[in-house]
Amino acid sequence: MAEERGRKVREIQAVVADVREETHDAASLLLDIGDEERDYKAGQFITIDPHQFGFLEQVIAYLEEVKGTREKPRAYSMGSAPHEPHILITVKEERFWPGESKYPPVLSPPLSRHCPPGTTLTISGFTGPYAIPQDAGQKADTVLHLCAGSGIVPNFGLIKDSIHRGDDLHHVLLYSSKTRSDIFYYDQFAALAAAHSEQLTVLHSLTREDPHQIEPASRKGRLDAELIKSYVKDLDRTLVYCCGPGVLPWERKEARERGEEPAPKFVETMIQILHELGFDKRQIKQESWG
Ligand SMILES: Cc1cc2nc3c(=O)[nH]c(=O)nc-3n(C[C@H](O)[C@H](O)[C@H](O)COP(=O)(O)OP(=O)(O)OC[C@H]3O[C@@H](n4cnc5c(N)ncnc54)[C@H](O)[C@@H]3O)c2cc1C
């Protein structure tokens, strides 16, 4: 904690070095931060303030008026590990759905569609508690990653970092996606699992499509208690990192104003299952968005 407190979140000038179309609605940006120290922990995030983009000025002014509040910087988990030369973020484009969405999304459309190589960005970082402690190997043999959708981003960094450091942890990734075309980092995970089979087990779980020729392993359906249990060999020596869609603050507020509890999303469902399986909350780290 002392180490964390000593670190200052600062503004960093970044240049988009490369862009990869990750899926049909998400793009990976590789950010060059020059000589800035990569003094982050795998799994942490950066923030990007939408006010820096002149072309968003009018939209932001309008949204701030109707929402009655200043648009906040958006957080993006890093999918890179500190030993890698670039900061990797992967941005999934949010959409405005007439009749469903309250406002149009601000930052994810331009970041995922209109940030060609050479684009300069001011990012702030590095921060966030979603990281594996250096001494995790004293308490655990296995790290179980429960991820859905873009929630895979920080776990990609965690897994690469751990394999790079050669710690003794075995990683089990259970990754839920709607279809094959929604899977992030498909080739990289297949290659990592093949090259480091003693450190990494990967299972893709598809909710809206029968899996077909998916490497290294796949199944149909949501992540459920039976599946998770089958991958837990020694519960007391397992840590869990769970990331994916969760109930957003305004969804909770609006549900409570209607006198209801919000319907659980992926992260709330996973946490409930983990508690039923006997995990202690100290064994679990969670992160969620949209
Ligand atoms: C720690 C962390 C890490 C994250 N990492 C990633 C990542 O790796 N990749 C990624 O793609 N995203 C990530 N996110 C989500 C990201 O920060 C943004 O929330 C996302 O990109 C959407 O931003 P936006 O500006 O496009 O949409 P927004 O403008 O935030 O709008 C999104 C939706 O919310 C609704 N909305 C907005 N404000 C309100 C309100 N006041 N009341 C009711 N509804 C509202 C809008 O109608 C819209 O449907 C992360 C979030 C967190 C907290």
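Residues numbered from 1 in each chain as written. Predicted model: local features only at pLDDT ≥ 70, side-chain atom pairs only at ≥ 80, totals over all residues. Heavy atoms only, no water.

> Would you take a moment to explain the sheet that holds strand S1 (residues 10-23) for this structure?
Two pairing modes exist for strands in a sheet, parallel and antiparallel, and in both the strands are linked by backbone hydrogen bonds. Spatial strand order, S4-S3-S6-S1-S2-S5: six strands in an open sheet with antiparallel pairing. Each edge of the sheet is formed by a strand with only one pairing partner; in this case those strands are strand S4 (74-77) and strand S5 (87-92). Each adjacent strand pair in this sheet contributes to an overall mean axis angle of 45 degrees, direction not counted. Note that strand S3 (residues 45-48) and strand S6 (residues 120-127) share three bridges and pair antiparallel. Bridge pairing in S6 links Thr47 to Ser124. (Pairing = 2+ DSSP bridges. Helix = DSSP H or I, 4+ residues; strand = E, 2+ residues; numbered from the N terminus. Axes fitted to C-alpha atoms, helices over the stretch in contact; angles between N-to-C directions.)

> What am I meant to see in the domain arrangement of the protein chain here?
Often, the extent of an interface is quoted as the loss of accessible area upon association of its parts. Assigned domains of the protein chain: these are domain 1 (11-127) and domain 2 (136-289). Once you take the C-alpha centre of each, domain 1 and domain 2 turn out to be 23 Å apart. Summed over both partners, the interface of domain 1 with domain 2 comes to about 1500 Å²; 56% of that surface belongs to carbon and sulfur atoms. Where domain 1 packs against domain 2, one counts two salt bridges. Viewed at the interface, domain 2 and domain 1 are joined by seven residue pairs in polar contact (both at pLDDT 80 or more). Of all the secondary-structure elements, those providing two or more residues to the side of domain 1 that touches domain 2 are S1, strand S2 (26-32) and S5. The class makeup of the residues in the side of domain 1 that touches domain 2 is six nonpolar, nine polar and five charged. (Domains from an automatic or database assignment. Buried area = accessible area lost by both parts, 1.4 Å probe. Salt bridge = Lys/Arg side-chain N within 4 Å of Asp/Glu carboxyl O. Polar contact = N/O pair within 3.5 Å; in protein donor to acceptor, adjacent residues only side chain to side chain. Nonpolar A, V, L, I, M, F, W, Y, C, P; charged D, E, K, R; others polar.)

> Please explain the environment of Cys242 as it appears in this structure.
With respect to the secondary-structure elements, Cys242 resides in strand S11 (residues 238-245). Between the alpha carbons of Cys242 and Leu174 there is a distance of 9.8 Å; along the sequence they are 68 residues apart. In contact with Cys242, other than residues within four places in its own chain, are Tyr130, Leu146, Phe266, Val267, Met270, Lys285, Gln286 and Glu287. (Contact = heavy atoms within 4.5 Å.)

> Quick question: what am I supposed to make of the side chain of Gln283 here?
Looking at where Gln283 falls in the secondary structure, it is placed in the loop between helix H9 (266-277) and strand S12 (284-289). In this structure Gln283 comes out as buried when scored by relative accessible area, which is 13%. Within the structure, the side chain of Gln283 is placed 2.8 Å from the backbone oxygen of Leu235, a separation counted as a polar contact. Excluding residues within four positions of it along the chain, Gln283 makes contact with Leu235, Asp236, Thr238, Leu239, Val240 and Gly278. (Buried < 20%, exposed > 50% of the residue type's maximum accessible area, 1.4 Å probe, protein only.)

> Got a minute to help me understand unusual backbone geometry in this structure?
Among all residues except glycine, the phi angle is most often negative; among peptide bonds, the trans geometry is most common. Put simply, Gly125 and Phe126 share a cis peptide bond, and its omega is 5 degrees. Positionally, Phe126 belongs in strand S6. Phi angles above zero are rare outside glycine, and Tyr185 is one such case at about 55 degrees. Looking at the element boundaries, Tyr185 is found in the loop between strand S8 (170-177) and helix H6 (186-195). A residue is classified by how much of its surface remains accessible, and Tyr185, at 0% relative accessible area, is buried. Of note, the phi angle at Gln213 is positive, near 50 degrees, even though the residue is not glycine. Assignment of secondary structure puts Gln213 in the loop between strand S9 (200-206) and strand S10 (218-220).

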